[in-house]
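# Working through the structure, step by step
Single-letter residue listing:
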Amino acid sequence: MLEKPESEKLEGLGSVRSSRVKRLARSRQGVFNPSAGKPVSVRGFEWESLILVGRDGIPQVAAMEWWGRVKGVSGQQRQRQHALLRQVSAHWGRQVRQVFDRGYNGGRWLWDLDFYGARFVMRWKKGNKLIDEQGQERKAWEIARGKRSWKDTKLLWDTHTRVHRSTRVLAITVRHRQYRGPLWLVVVRQGKGREPWYLLTNEPVETQEQAWDIMFSYVRRWKIEECFRFQKTELLMESLRVRDWEPRRKLLLLVTLAYGFLLWILRPSLILERSRLLVRWQQRADWRQWQAKLSLYRLRWALSQLWGRYPPSFAAFQPYRAHHHITWHPCTMRWWMTLWHRLGYPF
């Protein structure tokens with residue numbers, strides 16, 4: 001979501017739940033806040049995004065959409081999400097594994113995934129109920145309670161606390177009333193003091209390798225959060241100074257194209273050109289900057305300084321002309337192409 005808490009006159013503003021207030025209200029060392037009550041709503045826009053992330057490599061933007069809630073109309077966000085799910089199922093089908101966070105929990109979303117036959121991994125809330133192997137409906141943490149993890153232990157690096165954690169996994173066969181097929185609940189235990197992850201999937205998990213594969217697929221979801229952070233901080237999507245909705249939507253689309261261009265430059269085939277650009281326009285003495293796999297922040301700064309010193313020329317580009325206006329010189333190539341578009345592609 002894009003929060004605009006101080007704005008009132010912007011066109012298309014709606015009510016969104018503030019994630020910033022929830023994050024700042026947490027108790028930290030030296031700061032105590034009482035337990036959070038009801039969620040805080042502010043003015044802003046909803047932001048739906050679809051990011052294509054592989055096991056390795058660079059994430060790619062597949063779809064982005066911004067919209068404002070209409071007061072008194074229920075189910076608006078679910079309709080947008082259902083439209084994206086329908087597009088993914090039509091283009092890729094079961095070629096991709098769809099990863100969802102805890103906000104997508106519920107029987108309705110499981111029914112939609114079953115209807116489209118999608119492969120998925122979903123972070124399940126520990127208090128939500130599933131049907132265990134004995135046919136009893138219990139909470140996820142109650143189903144996993146008392147069951148020993150599999151013997152294979154891996155020492156994984158926690159990027160948030162910057163420590164290694166001894167991690168084990170366990171897979172349990174479960175079912176849900178809104179899903180016709182079998183489901184598997186993969187429990188990821190990261191040691192004492194850490195809350196386990198409960199990952200629900202419709203892919204068979206019979207071995208430890210399959211369980212680790214599901215776990216690492218969910219870990220890759222963090223790339224999506226990094227995409228949101230980069231666009232909000234570096235590309236300043238929350239700081240747009242445009243009043244009307246249509247110009248703001250076009251500007252957001254241009255920012256998305258710029259982000260896609262930065263991701264395109266990170267291709268392995270452009271490593272030599274990228275290294276020259278960073279050495280010339282964004283030098284860093286810190287060794288950690290050179291070991292970064294995706295130097296997206298430095299790349300954005302380097303391009304900004306390069307084009308600030310030598311502005312690119314767009315004189316060769318022609319302005320956009322709508323298809324229903326034939327304004328080119330008669331009998332030119334652009335004139336014939338515009339006429340062809342206007343007539344509805346007759347051949």
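So, here is what we can say about the structure in this document. Model, not experiment: these values are computed from the prediction.

### Observations regarding the packing of aromatic side chains
By the definition in use, this model includes 15 aromatic pairs. On the basis of an interplanar angle of 50° and a centroid distance of 5.1 Å, the ring pair of Phe 100 and Tyr 104 is categorised as tilted. Overall, Phe 100 belongs to the buried group, its relative accessible area being 8%. Ring geometry for Trp 281 and Tyr 310: centres 6.2 Å apart, planes at 80°, overall edge-to-face. Here Trp 281 is found in helix H8 (residues 271-281), whereas its partner Tyr 310 is found in the loop between helix H10 (296-309) and helix H11 (333-342), with 29 residues between them in sequence. Pairwise contacts between aromatic rings join Trp 47, Trp 66 and Phe 228 into one cluster. Its guanidinium or amino end placed over the ring of Trp 281, Arg 280 lies 4.4 Å from that ring's centre, counting from NZ or CZ. The residue whose ring lies beneath Arg 300 is Trp 301, and the NZ or CZ to ring-centre distance is 4.7 Å.

### Details of the packing of helix H2 (residues 76-91) against helix H3 (residues 107-116)
Contact geometry for H2 and H3: axes closest at 11 Å, N-to-C directions at 20°. The orientation of H2 with respect to H3, classified from their angle, is roughly parallel. Relative to H3, the crossing made by H2 is right-handed. Where H2 approaches H3, its residues Arg 78, Gln 81, His 82, Leu 85, Arg 86 and Ser 89 are matched on the opposing element by Trp 109, Asp 112, Leu 113 and Tyr 116. For the contact of H2 with H3, a count of residues per class yields four nonpolar, three polar and three charged.

Conventions and cut-offs
Residues numbered from 1 in each chain as written. Predicted model: local features only at pLDDT ≥ 70, side-chain atom pairs only at ≥ 80, totals over all residues. Heavy atoms only, no water. Phe/Tyr/Trp six-rings, centres within 6.5 Å; stacked < 30°, edge-to-face > 60°. Buried < 20%, exposed > 50% of the residue type's maximum accessible area, 1.4 Å probe, protein only. Helix = DSSP H or I, 4+ residues; strand = E, 2+ residues; numbered from the N terminus. Lys NZ or Arg CZ within 6 Å of the ring centre and 35° of its normal. Axes fitted to C-alpha atoms, helices over the stretch in contact; angles between N-to-C directions. Parallel < 35°, antiparallel > 145°, perpendicular 65-115°, else oblique. Left-handed = near helix turned anticlockwise from the far one by under 90°. Contact = heavy atoms within 4.5 Å. Nonpolar A, V, L, I, M, F, W, Y, C, P; charged D, E, K, R; others polar.

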